[in-house]
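# A structural walkthrough
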Amino acid sequence: MKIAVLAGDGIGPEIIAQGVRVLDVLRRDGLKIELESGLLGGCAVDATGEPFPDVTCQLVKDADAVMLGAVGGPQYDALSRENRPERGLLGIRKALNLFANLRPAILYPELANASTLKPEVVAGLDIMIVRELTGDIYFGEPRGIELRDNLRTGFNTMVYNEVEIRRIAHVAFQAAQKRDRKLCSVDKMNVLECTQLWRDVVTETAKDYPDVSLSHMLVDNAAMQLIRDPKQFDVMVTGNIFGDILSDEASMLTGSIGMLPSASLDENNKGLFEPIHGSAPDIAGKNVANPLATILSVAMMLRYTFNQEEAALRIESAVQKVLSQKYRTGDIFEPGTILVGTVEMGDAVLKNL
Ligand code: IPM
Ligand code: MG
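Residues numbered from 1 in each chain as written. Chains lettered and ligands numbered in written order. Predicted model: local features only at pLDDT ≥ 70, side-chain atom pairs only at ≥ 80, totals over all residues. Heavy atoms only, no water.

This part covers the packing of helix α11 (residues 309-324) against helix α12 (residues 342-352). Their axes nearest at 8 Å, the elements α11 and α12 cross at an angle of 120°. Between α11 and α12, the angle is such that the two are oblique. Crossing handedness for the pair α11 and α12: right-handed. Counting all contacts with α11, which are made through Ala318, Lys321 and Val322, the residues of α12 involved are Met345, Ala348, Val349 and Asn352. Across the contact of α11 with α12, the residue classes tally to five nonpolar, one polar and one charged. (Axes fitted to C-alpha atoms, helices over the stretch in contact; angles between N-to-C directions. Helix = DSSP H or I, 4+ residues; strand = E, 2+ residues; numbered from the N terminus. Parallel < 35°, antiparallel > 145°, perpendicular 65-115°, else oblique. Left-handed = near helix turned anticlockwise from the far one by under 90°. Contact = heavy atoms within 4.5 Å. Nonpolar A, V, L, I, M, F, W, Y, C, P; charged D, E, K, R; others polar.)

Here's what the structure looks like:
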């Protein structure tokens, strides 16, 4: 298993270090794991002038999977658009054709009070958001800012073709088959043609999955329903921009964006695995960041890219034990639990592994 490790910026290096410790334990126990690190995001801009340098591109293409910390920081806000750290992230998604983004939102029973919603609304929550990641208004052309009739005018293009929609629909239906067999597709077909096609193609694809019950929802309603009654959802599938927004919303149902992992996969399940949260520059270097989302991302990597279900479950149950032993980083702390730092949280996971 050749894994490229891109720690990135802010708290990235601290949380990735804990994920690497977990991989070291698995290697000691017999998995053949090789790690090689590279630069992505702001740290790559500092070192090379580019957020996604060619050497990093080669490194991730040669690897079987990529572990990513987080990218970005206020010191890069003044850079031109092409040089922003976020461009590195978009570049790597496109370069590796990582079109399928899986973002689970799970509420661990121990953390039921961490949510801003009433515990009875969110207790037992387990949603999987499947977000298309390489198309839509994020990448559509034309795009830009130009003078039109002497007015500065900004424009982007929302575009999907049927192949792009069909392949993400298949991923979502198959995810639903492994869960509660309910899929909700989210669009804005009452206004946007692009998403009318989305709805048509998802509906056609449903014929291959008679065991999954498919529903459709407009994105504004979906945003509302996620707060009103989130447990009505099992798997949700949607395009890049709606998925960006809804997945942040869903993560907050669990009260702790610091707990949630993600996987971005290509057609062969090669993937990039990263916590959903960002680089949190305000707490970087202070040993307070929660490493559990990164550690759970290692579990997703073992499950989806390497088919090592047993190792994935071993990591997930270690995390669960740490929570039931009441270890908490600041983001999930409540009175009566034990406040620990990033490294100490890593120690606790290792002990339970
Ligand atoms: C995400 C992030 C990225 C996105 C940014 C950092 C480019 O918000 O992974 O959700 O918009 O996709
Ligand atoms: Mg986002």
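Let's pick the thread back up.
The tally for this structure, following the rule as stated, stands at one cavity of 30 Å³ or more. Size it by volume and the largest cavity reaches roughly 60 Å³. In terms of lining residues, the largest cavity is bounded by Asp136, Met158, Tyr160, Val186, Asp187, Cys194, Thr195, Trp198, Thr238, Gly239 and Phe242. Every element with two or more residues in the lining of the largest cavity is listed here: β8 (182-187) and α7 (193-205). Counting residues per element, the lining of the largest cavity draws most heavily on α7, which supplies three residues. Its residues assigned to classes, the lining of the largest cavity shows six nonpolar, three polar and two charged. (1 Å grid on protein atoms, 1.4 Å probe; cavity = no way out; pocket = protein on both sides within 12 Å on 5 of 7 lines; lining within 4 Å. Points joined across faces, edges and corners; volume = space filled by probe spheres on them.)

This brings us to the side chain of Thr195. Position of Thr195 among the secondary structure elements: in helix α7. Classification of Thr195 as buried rests on a relative accessible area of 5%. When sequence neighbours within four positions are dropped, the list of residues in contact with Thr195 reads Met158, Asp187, Lys188, Met189 and Phe242. (Buried < 20%, exposed > 50% of the residue type's maximum accessible area, 1.4 Å probe, protein only.)

Turning next to unusual backbone geometry. What is expected of a backbone is that most residues other than glycine have negative phi and most peptide bonds are trans. Note the cis peptide between Glu141 and Pro142, where omega equals 0°. Assignment of secondary structure puts Pro142 in the loop between β5 (126-132) and β6 (144-148). Backbone geometry places Asn97, a non-glycine residue, at a positive phi of 60°. You can call Asn97 partly exposed: its relative accessible area is 31%. Backbone geometry at Asn269 places phi at a positive 65°, although glycine is not the residue there.

In terms of domain boundaries, the protein chain breaks down into domain 1 (1-99 + 266-353) and domain 2 (105-256). Between domain 1 and domain 2, the C-alpha centre-to-centre distance is 24 Å. Opposite the 17 residues of domain 1 that make contact, domain 2 presents 16 residues. Contact between domain 1 and domain 2 buries roughly 1,700 Å² in total, counting both sides, with carbon and sulfur atoms accounting for 62%. On the domain 1 side of the contact with domain 2, Arg93, Lys94 and Phe99 bury the most area, a combined 34% of that side's loss. Where domain 1 meets domain 2, there are two residue pairs in polar contact (both at pLDDT 80 or more). Those elements that provide at least two residues to the side of domain 1 that touches domain 2 are α4 (85-95), α10 (292-304) and α11. With four residues, α4 is the single largest residue contributor to the side of domain 1 that touches domain 2. Classifying every residue of the side of domain 1 that touches domain 2 by side-chain character gives seven nonpolar, three polar and seven charged. (Domains from an automatic or database assignment. Buried area = accessible area lost by both parts, 1.4 Å probe. Polar contact = N/O pair within 3.5 Å; in protein donor to acceptor, adjacent residues only side chain to side chain.)

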